[in-house]
Amino acid sequence: MTAAVQEAPAPGPVKAGGRVRNPWIGFLLRRLAGLAGVLVALVAVTFLMVQLIPGDPARALAGTDATGAQVARFRHELGLDRPLPAQFGSYVSGLLHGDLGTSFQTREPVADVIAGRLPFTAELALLAILLVLAVAVPLGMAVAVATRGGRRRRLDAAFTFATGLLGATPEYVLGTLLVLVFAITLRLLPAAGASSLSALVLPVVAVALPSTCVLARIVRRETAVVLNQDYMRTARGRRLPPLALYARHALPNLLTSTLTMGGLMLTAMLGGTIIVESVFAWPGLGGRVVQAITNRDYPVIQGTVLVLGILAALLNLLIDVLLGLLDPRTLTARSRS
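Keep in mind that what you see is a predicted model, and the values were worked out from it rather than measured.

Definitions and limits used
Residues numbered from 1 in each chain as written. Predicted model: local features only at pLDDT ≥ 70, side-chain atom pairs only at ≥ 80, totals over all residues. Heavy atoms only, no water. Helix = DSSP H or I, 4+ residues; strand = E, 2+ residues; numbered from the N terminus. Buried < 20%, exposed > 50% of the residue type's maximum accessible area, 1.4 Å probe, protein only. Contact = heavy atoms within 4.5 Å. Areas by Shrake-Rupley, 256 points an atom, 1.4 Å probe, with all protein chains shown as cover. Lys, Arg positive; Asp, Glu negative; His and termini not counted. Charge placed at Lys NZ, Arg CZ, Asp CG, Glu CD. Salt bridge = Lys/Arg side-chain N within 4 Å of Asp/Glu carboxyl O. Axes fitted to C-alpha atoms, helices over the stretch in contact; angles between N-to-C directions. Parallel < 35°, antiparallel > 145°, perpendicular 65-115°, else oblique. Left-handed = near helix turned anticlockwise from the far one by under 90°. UniProt positions renumbered as here; feature names shortened; annotations may be inferred. Domains from an automatic or database assignment. Buried area = accessible area lost by both parts, 1.4 Å probe. 1 Å grid on protein atoms, 1.4 Å probe; cavity = no way out; pocket = protein on both sides within 12 Å on 5 of 7 lines; lining within 4 Å. Points joined across faces, edges and corners; volume = space filled by probe spheres on them. Core = buried A, V, L, I, M, F, W, Y, C linked by side-chain atoms within 4.5 Å. Patch = residues over 30% accessible without salt bridge, like charges linked within 9 Å, V, L, I, M, F, W, Y side chains within 5 Å.

1. Side note on the overall build of the protein chain
Each helix and strand in the protein chain was counted, giving 12 helices and 2 strands. Overall, the protein chain is about 85 × 70 × 30 Å in size when its C-alpha atoms are taken along their principal axes. Put simply, the protein chain has 337 residues, and 38% of those count as buried. In the protein chain, the share of contacts with a sequence separation of at least 24, taken over all contacts with a separation of at least 6, comes to 75%. A total accessible area of about 18,100 Å² is found for the protein chain, and carbon and sulfur atoms account for 65% of it. Within the protein chain, one finds 30 positive and 17 negative side-chain charges whose respective centroids are separated by 16 Å.

Here it is as structure tokens:
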């Protein structure tokens, strides 16, 4: 008997009411409907959340010494004296016309503010995601192989302890520790800014390290399950080379569950990127959002959160499509929560 990867059978066209329907059609319709629901929720949340920020944007603009009349004039200019339903209607109308609003503080279009800083945030997030995938998958597989059958218990315990500790540590704490060690004590890397490629190292590691540890634990667990399958025992009995054994037979069968969990983690990394940017004075959206919250600059806050939410939703959609290509059974399964 030859060892073979357990491939999911590709579902054929489904007959619905006498007609043949491609499973990809229903799959994409469900995902697009879910994406539309996410967008509607994002619009509502981004409008309502700024109402919960304490303080008055008009007072922040007018200054602490401004009179009540001056504050009222600013509130009228900003449209904050209108009823909430009217403000929400204007907000939605602007979005439908591609207008994210204008910054209260600088009077710049919010779209221009985001366009100028988003490439820095995207660069940091993309490199962090690539680092997570490049390290977590082989690390988790290597530990699972090394500890198979209860061997090397000390290695298993050390891996569990280290990944649990680092995975639970917030990104901004890791960023501060990295600056203390590698920038201040050892003077090996710059502590802040974006003047050179070396300035990317510490923020990328700070963003990627917690997710790498969590994903490595998931990969280790899934690999341990795969290694106990009959087809893997058969493959080992044929004394296949390690690369063929684990890369060809084990890896494809754990990618589905790994991507499912990893996709949720990778979208959460966008939020971690925003926080880490403030620690390293990275010229992305993070510092601008913090400044906007301090100054109660509602349009900048709303536009940034909306754009990041859309990017996270699109990333989830991309992962769903990849899962459909890797495991066609997911085309007819219920959408992920």
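2. Topic: the pattern of salt bridges
Per the counting criterion, the structure on display carries 5 salt bridges. A salt bridge links Asp320 to Arg31; its shortest N-O distance comes to 3.0 Å. Taken as a pair, Asp320 in helix H12 (residues 298-326) and Arg31 in helix H1 (residues 23-49) lie far apart in primary sequence, 289 residues in all. When sorted by exposure, Asp320 lands in the same class as Arg31, which is buried.

3. Some remarks on the environment of Ala247
One can find Ala247 in helix H10 (residues 242-279). Residues Ala247 and Pro138, spaced 109 residues apart in sequence, show a C-alpha to C-alpha distance of 9.6 Å.

4. Some thoughts on the packing of H1 against helix H4 (residues 84-96)
As a packed pair, H1 and H4 sit with axes 11 Å apart at the nearest point and diverge in direction by 130°. In terms of orientation, H1 lies oblique with respect to H4. Note on packing geometry: the crossing formed by H1 with H4 is right-handed. Residues Val43, Ala44, Thr46 and Phe47 of H1 touch H4, and the partners they reach there are Leu84, Gln87, Phe88, Tyr91, Val92 and Leu95.

5. Side note on the UniProt feature "transmembrane region" (unreviewed entry) in the protein chain
The UniProt feature table records "transmembrane region" (unreviewed entry) at residues 32-53, 124-146, 158-185, 197-219, 264-285 and 305-326. Across residues 124-146, the secondary structure splits into 100% helix and 0% strand, with the terminal C-alpha atoms separated by 33 Å. Annotated as residues 197-219, this span is 83% helix and 0% strand, and its ends, taken at the C-alpha atoms, are 30 Å apart.

6. Examining the domain arrangement of the protein chain
Each assigned domain of the protein chain is listed with its residue range as follows: domain 1 (24-97) and domain 2 (115-329). Inter-centroid distance (C-alpha atoms) of domain 1 to domain 2 is 32 Å. Taken together, the contacts link 21 residues of domain 1 with 17 residues of domain 2. The largest contributions to the domain 1 side of the interface with domain 2 come from Trp24, Val50 and Ile53, which together make up 25% of the buried area. Counting across the domain 1 and domain 2 interface gives 1 salt bridge. When contributions to the side of domain 1 that touches domain 2 are tallied by element, the ones reaching two or more residues are H1, helix H2 (57-62) and H4. Sorting elements by how many residues they give to the side of domain 1 that touches domain 2 places H1 first, with 11 residues.

7. Quick word on the layout of surface pockets
For the largest pocket, the calculated volume is near 510 Å³. What lines the largest pocket is a set of 22 residues, among which Leu78, Gly101, Phe104, Pro299 and Gln302 lie closest to the centre. When contributions to the lining of the largest pocket are tallied by element, the ones reaching two or more residues are helix H3 (68-78), H4 and H12. A total of 5 residues in the lining of the largest pocket trace back to one element, the largest contributor, which is H4. Formed jointly, the lining of the largest pocket draws a minimum of three residues from each of two domains, domain 1 (24-97) and domain 2 (115-329).

8. Observations concerning the nonpolar core
Val132, Met141, Met232, Tyr246 and Met269 are the most contacted members of the largest nonpolar core, which has 37 residues in total. Residue assignment for this core shows that the elements contributing at least two residues are helix H5 (110-146), helix H7 (171-185), helix H8 (201-227), helix H9 (230-237) and H10. Phe47, Ile53, Tyr91 and Ile114 belong to the second largest nonpolar core, which has 21 residues in total.

9. Focus on a nonpolar patch on the surface
On the surface, Leu177, Leu180, Val181, Phe182, Ile184, Leu186 and Leu188 cluster together into a nonpolar patch covering about 620 Å² of accessible area. Here Leu180 is to be found in helix H7.

10. So, unusual backbone geometry
Note on backbone geometry: most residues besides glycine have negative phi, and most peptide bonds are trans. Residue Arg152 is not a glycine yet carries a positive backbone phi of 50°. The topology assignment puts Arg152 in the loop between H5 and helix H6 (153-167). With a phi angle near 55°, Arg296 is a residue other than glycine that sits in the positive phi range. Position of Arg296 among the secondary structure elements: in the loop between helix H11 (285-294) and H12.

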